[in-house]
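Residue strings, one per chain:
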Amino acid sequence: MVDRLGCELVTASLKDTRSSELYRRALEVIPGGVNSPVRAMRSIGRDPIFIARGEGAELIDVDANRFVDYVCSWGPLIHGHAHPHILAAVTAAAANGTSFGAPTPGEVELASEVVRRIDSVEMLRMTSSGTEAAMTAVRLARAATGREPLLKFAGAYHGHSDGLLAQAGSGLATQGLPASPGVPASAAAATIVVPWNDSDALVAATERHELAAILAEPLPANMGLVAPDVGFLALLRERADANGALLVLDEVISGFRVARGGAQELLGVTGDLVILGKIIGGGLPAAAVGGRAELMRMLAPDGEVYQAGTLSGNPVAVAAGLATLELLDEPAYLRLSAITERLAEGLREAASNSGGAGGYPVQVATMPGLMTVFFSERPVASFADAQNCDLDAYAAWCRELLARGVYPPASQFEAWFPSLAHTPEQIERTVEAAAAAFACLSQPAGQR
Ligand SMILES: Cc1ncc(COP(=O)(O)O)c(C=O)c1O
């Protein structure tokens, strides 16, 4: 069976696999067969792949197929799968007991390490997910300012709490509309949504509303990777100060990935509060909110802002996070940057050698350890630009990559996560697979 672009539909050959059997069973007991929507791979028009194990930068599925993995658990696995140093730390911690509901030494070590790395963080409170950390940051910002409205950017994701699941209506800066049934209109309306990189809309919104917080991913990676324009982060800082709002920087993806001190170090911006996740838990459930001591001391039991969690600061997750950070020194970041650039360069070449005279039209956006291949003729600077990409072509290209042993993010709006475990040989194999996949997209209908 072929799709509208004429490429073989991989699902057709997967009918009798163990993955498809598991998926059939999963559909009966788990909504959509998955525990988080993007895993279903619906936006690239195929069924999910059930994973048996990971080794370094490779995934092995339940049918014994191997893939070079560019999802890496959507960010936490900066050292790849089952890294021996991290495994040793996790098993040692688990052997001492998996949870106590009481403080442990590792939490002090991890908080101190984060404070050493990120200038804007003087204190840290751990949670089990980025969603919870973002909720806590919002509550703190509202308590600190005595205001309710929030400003966020179209295409940014800060977890799935009600007020942050708002999407923009039409116009430049708008009151948010619920982005999901079940989100109260009142919760979404307290969130102003502004297009990313739109200075005029940002200035107008900050002149019009008295905000509790401006929330931003300093390096947005949930509409694909869309870097801030020069000066835009400085404007965010300036507008937050002029407004009396807190600047809450969501570094769940960029934290400890793009530099030792995250996007704040790389791009020279300072948040009042910072949301961390993914790498801080080293592949186990952990996240955190951090910031200036006077703000963080507003949290219970020092202050009156309530926040809690049965498994917050879980000792096994903390051990994984600490072991992960231990391996992230300056040479590691230089290496990650080189790996990302080699991959991006190879994909650009593969695209430009396909599809006739001008090559296949894609834009490869990168930051150290992050990448997106946008199926667009023009650079992508906003969510609207990302939405205008050729999503069908991206989907077909991803299916072709999977058929050739490469596991890309199954959505144009998710970033690729190259890791320190990716070898030059795996990168070259990826580039070859990508070239073949571009060639398939480029062939005229009827000859594919
Ligand atoms: C920037 C950002 N913030 C918050 C979250 C929510 O984190 P979690 O999935 O741990 O709840 C995510 C998840 O991908 C994210 O990318």
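The structure this text deals with has already been given above.
Notes on the structure follow.

1. Focus: the layout of surface pockets
Logical step 1: Computed from the structure, the second largest pocket encloses a volume of approximately 480 Å³.
Logical step 2: Contributing to the lining of the second largest pocket are 21 residues, with Pro103, Thr104, Glu107, Ser312 and Gly313 lying nearest its centre.
Logical step 3: Looking at the lining of the second largest pocket, the elements that each hand over two or more residues are helix 3 (105–117) and strand 4 (123–127).
Logical step 4: Tallying contributions element by element places helix 3 first for the lining of the second largest pocket, with 5 residues.
Logical step 5: Of the residues belonging to the lining of the second largest pocket, the class tally is 10 nonpolar, 9 polar and 2 charged.

2. Some remarks on the packing of helix 2 (residues 84–95) against helix 10 (residues 315–326)
Logical step 1: Contact geometry of helix 2 with helix 10 gives a least axis separation of 8 Å together with a crossing angle of 155°. Comparing their axes, helix 10 and helix 2 come out roughly antiparallel. Every pair of crossing elements has a handedness; the one defined by helix 2 and helix 10 is right-handed. Mapping the contact onto sequence places His85, Ile86, Ala89, Val90, Ala93 and Ala94 in helix 2 and Pro315, Val316, Ala319, Ala320, Ala323, Thr324 and Glu326 in helix 10.

3. As for the site of the ligand
Logical step 1: Taken together, Ser129, Gly130, Thr131, Tyr157, His158, Gly159, Glu217, Asn222, Asp250, Val252, Ile253 and Lys278 form the complete shell of residues around the ligand.
Logical step 2: At 3.3 Å, a backbone N or O of Tyr157 approaches a nitrogen atom of the ligand.
Logical step 3: The contact in question runs from an oxygen atom of the ligand to an N or O atom on the side chain of Asn222, over 3.0 Å.
Logical step 4: Protein burial of the ligand: of its 390 Å² of free accessible surface, 80% is covered by the chains.

4. Things to note about the nonpolar core
Soluble globular proteins tend to pack their nonpolar side chains together in the buried interior.
Logical step 1: In terms of nonpolar packing, the biggest core is built from 52 residues, with Val373, Phe375, Trp397 and Phe438 touching the most fellow members.
Logical step 2: Secondary-structure elements contributing two or more residues to this core are strand 3 (66–69), helix 11 (330–352), strand 14 (363–367), strand 15 (370–374), helix 13 (391–403), strand 16 (406–407) and helix 14 (424–442).
Logical step 3: Residue contributions to this core peak at 8 residues, all from helix 13.
Logical step 4: Excluding residues that lie within four positions of it along the chain, Phe438 makes contacts with Leu347, Ala350, Ala351, Ser354, Tyr360, Val362, Phe375 and Trp397.
Logical step 5: One finds Leu211, Leu233, Leu235 and Ala245 within the second-largest nonpolar core, a separate group that totals 27 residues.

5. Brief notes about unusual backbone geometry
Logical step 1: A cis amide bond links Ala300 with the next residue in sequence, Pro301, at an omega value of 10°.
Logical step 2: The residue Pro301 is located in the loop between helix 9 (293–296) and helix 10 in this model.
Logical step 3: Even without being a glycine, Ser73 presents a positive backbone phi close to 65°.
Logical step 4: Tracing the backbone through its elements, the reader meets Ser73 in the loop between strand 3 and helix 2.
Logical step 5: According to the relative accessible area criterion, Ser73 is partly exposed, its value standing at 40%.
Logical step 6: Here the phi dihedral of Phe256 falls at roughly 65°; this positive angle occurs in a residue that is not glycine.
Logical step 7: As for its placement among the helices and strands, Phe256 is situated in the loop between strand 11 (246–251) and helix 8 (262–267).
Logical step 8: Here Phe256 falls in the buried class, since its relative accessible area comes to 0%.

6. Description of helix 4 (residues 130–145)
Logical step 1: The end-to-end C-alpha distance of helix 4 is 22 Å, a good match for the 22 Å that 16 residues give at a rise of 1.5 Å each.
Logical step 2: Three or more residues of helix 4 are buried, namely Thr131, Ala133, Ala134, Thr136, Ala137, Val138, Leu140 and Ala141.

7. Observations regarding the side chain of Ser19
Logical step 1: Here Ser19 is to be found in helix 1 (residues 18–29).
Logical step 2: Residue classification places Ser19 among the buried residues on the basis of a relative accessible area of 7%.
Logical step 3: Sequence-distant contacts of Ser19, that is, excluding residues within four places in its chain, are made with Pro48, Ile49, Phe50, Val62 and Asp63.

8. Things to note about the pattern of salt bridges
If the charged atoms of two oppositely charged side chains come close together, the side chains can form a pair.
Logical step 1: Inspection of the entire model under this criterion finds 17 salt bridges.
Logical step 2: Across the salt bridge formed by Glu345 and Arg348, the nearest N and O atoms sit 3.1 Å from each other. Taken together, the residues Glu345 and Arg348, both in helix 11 and 3 residues apart, mark about one turn of the helix.
Logical step 3: Residue class for Glu345 comes out partly exposed when judged on its relative accessible area of 35%.
Logical step 4: Residue Arg348 is classed as partly exposed on the basis of its relative accessible area, which comes to 30%.
Logical step 5: Its salt-bridge partner being Glu400, residue Arg404 comes within 2.5 Å of it at the nearest N-O pair.
Logical step 6: Assessed through its relative accessible area of 37%, Arg404 is described here as partly exposed.
Logical step 7: Accessibility expressed as a relative area gives 6% for Glu400, which makes it buried.
Logical step 8: In this structure, a network of salt bridges that share partners links the residues Arg53, Glu55, Glu58, Arg66, Glu425 and Arg429.

9. With respect to helix 13
Logical step 1: Here helix 13 is 13 residues long and its end C-alpha atoms lie 18 Å apart, about the 18 Å a rise of 1.5 Å per residue gives.
Logical step 2: Taken across its 13 residues, helix 13 has 10 buried, putting it largely inside the fold.
Logical step 3: Three or more residues of helix 13 are buried, namely Ala393, Tyr394, Ala395, Ala396, Trp397, Cys398, Arg399, Glu400, Leu401 and Leu402.
Logical step 4: In the core, the buried residues of helix 13 are packed alongside strand 3, strand 15, strand 16 and helix 14.
Logical step 5: With a side-chain oxygen lying 3.3 Å from the backbone nitrogen of Asp392, the N-terminal cap of helix 13 falls on Asp390.

10. Some remarks on the packing of aromatic side chains
Centre distance and the angle of the planes are the two values used to describe a pair of aromatic rings.
Logical step 1: Inspection of every chain in the model, using the stated rule, returns 14 aromatic pairs.
Logical step 2: Summarising the aromatic geometry, the rings of Phe67 and Tyr407 are spaced 5.9 Å apart at their centres and angled 70° between planes, so their arrangement reads as edge-to-face. In this pair, Phe67 is assigned in strand 3 and Tyr407 in strand 16, connecting sequence segments 340 residues apart. As far as the burial class goes, Phe67 and Tyr407 line up, both buried.
Logical step 3: Ring plane angle 50° and centroid distance 6.2 Å describe the contact between Tyr394 and Trp397, whose orientation is recorded as tilted. Residue Tyr394 and its partner Trp397 are located together in helix 13, separated by 3 residues, close to a single helical turn.
Logical step 4: Among the aromatic residues, those joined into a ring-pair cluster are Tyr70, Tyr360, Phe375, Tyr394, Trp397, Trp416 and Phe438.

Criteria and thresholds
- Residues numbered from 1 in each chain as written.
- Predicted model: local features only at pLDDT ≥ 70, side-chain atom pairs only at ≥ 80, totals over all residues.
- Heavy atoms only, no water.
- 1 Å grid on protein atoms, 1.4 Å probe; cavity = no way out; pocket = protein on both sides within 12 Å on 5 of 7 lines; lining within 4 Å.
- Points joined across faces, edges and corners; volume = space filled by probe spheres on them.
- Helix = DSSP H or I, 4+ residues; strand = E, 2+ residues; numbered from the N terminus.
- Nonpolar A, V, L, I, M, F, W, Y, C, P; charged D, E, K, R; others polar.
- Axes fitted to C-alpha atoms, helices over the stretch in contact; angles between N-to-C directions.
- Parallel < 35°, antiparallel > 145°, perpendicular 65-115°, else oblique.
- Left-handed = near helix turned anticlockwise from the far one by under 90°.
- Contact = heavy atoms within 4.5 Å.
- Near = heavy atom within 4 Å.
- Polar contact = N/O pair within 3.5 Å; in protein donor to acceptor, adjacent residues only side chain to side chain.
- Areas by Shrake-Rupley, 256 points an atom, 1.4 Å probe, with all protein chains shown as cover.
- Core = buried A, V, L, I, M, F, W, Y, C linked by side-chain atoms within 4.5 Å.
- Buried < 20%, exposed > 50% of the residue type's maximum accessible area, 1.4 Å probe, protein only.
- Expected span 1.5 Å × (residues − 1).
- Salt bridge = Lys/Arg side-chain N within 4 Å of Asp/Glu carboxyl O.
- Phe/Tyr/Trp six-rings, centres within 6.5 Å; stacked < 30°, edge-to-face > 60°.

Any functional reading would require information beyond the geometric quantities listed.
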